[in-house]
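Observations on the three-dimensional arrangement
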Amino acid sequence: MVRVFYSQKTEDLIEKMTLTNWRSQVQDELGKEHQDMSDNWKMCAIGERIRIEGRDLESIKDLSPEAIQLGYDFSIAMQEKDNQKALEIITKIEQLPTIWRDEK
């Protein structure tokens, strides 16, 4: 009984981490407005996860090194208008156990 409850709770948490907004934007044709949004940490795919988790980003140093790297990689993919690479990075951001440096 406890195992079922845990699985449902875990599944609910995973569903909340899905970056649907950016995933749908990246599947459309990428333009200048997408690139401008991706240059801002609070507006990029990392920013969507920050909002989902209900926290605020005060400094990039608050993020884990993996999240920082993925944020930079995402921005580059957006600049290059590489939809496939951007979608792969969004998936990696979704799969991070935490994006926060202090929660390791």
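In this report, we go over the structure that sits alongside the text. Keep in mind that this is a model prediction, so the values were computed, not measured. (Residues numbered from 1 in each chain as written. Predicted model: local features only at pLDDT ≥ 70, side-chain atom pairs only at ≥ 80, totals over all residues. Heavy atoms only, no water.)

With that out of the way, let us pick up the nonpolar core. Ranked by size, the top nonpolar core spans 20 residues in total, and within it Trp41, Ile46, Ile50, Leu63, Phe74 and Ile99 carry the most contacts. Listing elements by their share of this core, those giving two or more residues are helix H4 (45-53), helix H5 (65-79) and helix H6 (83-95). Considering each element in turn, this core owes the most residues, six residues, to H5. Discounting residues that sit within four places of it in the chain, isoleucine 46 has contacts with Trp41, Leu63, Ala67, Gly71, Ile93 and Ile99. (Core = buried A, V, L, I, M, F, W, Y, C linked by side-chain atoms within 4.5 Å. Buried < 20%, exposed > 50% of the residue type's maximum accessible area, 1.4 Å probe, protein only. Helix = DSSP H or I, 4+ residues; strand = E, 2+ residues; numbered from the N terminus. Contact = heavy atoms within 4.5 Å.)

Turning our eyes to something else, we now look at H4. Buried within H4 we find Ala45, Ile46, Gly47, Glu48, Arg49 and Ile50. Following H4 by one or two positions, glycine 54 adopts a phi angle in the positive range, close to 75°.

This part takes up unusual backbone geometry. Unusually for a residue other than glycine, lysine 81 sits at a positive phi of about 55°. Mapped onto the fold, lysine 81 is located in the loop between H5 and H6. Residue lysine 81 is classed as partly exposed on the basis of its relative accessible area of 47%.

Before going further, it helps to examine H6. Helix length check: H6 (13 residues) gives 19 Å between terminal C-alpha atoms against 18 Å at 1.5 Å per residue, within 8%. The set of residues buried in H6 consists of Ala86, Leu87, Ile89, Ile90, Ile93 and Glu94. The buried residues of H6 occupy one face: seen down the axis, they fall within an arc of 160°. Exposed and facing more than 90 degrees away from the buried side of H6 are Gln84 and Gln95. (Expected span 1.5 Å × (residues − 1). Arc of directions from axis to C-beta.)

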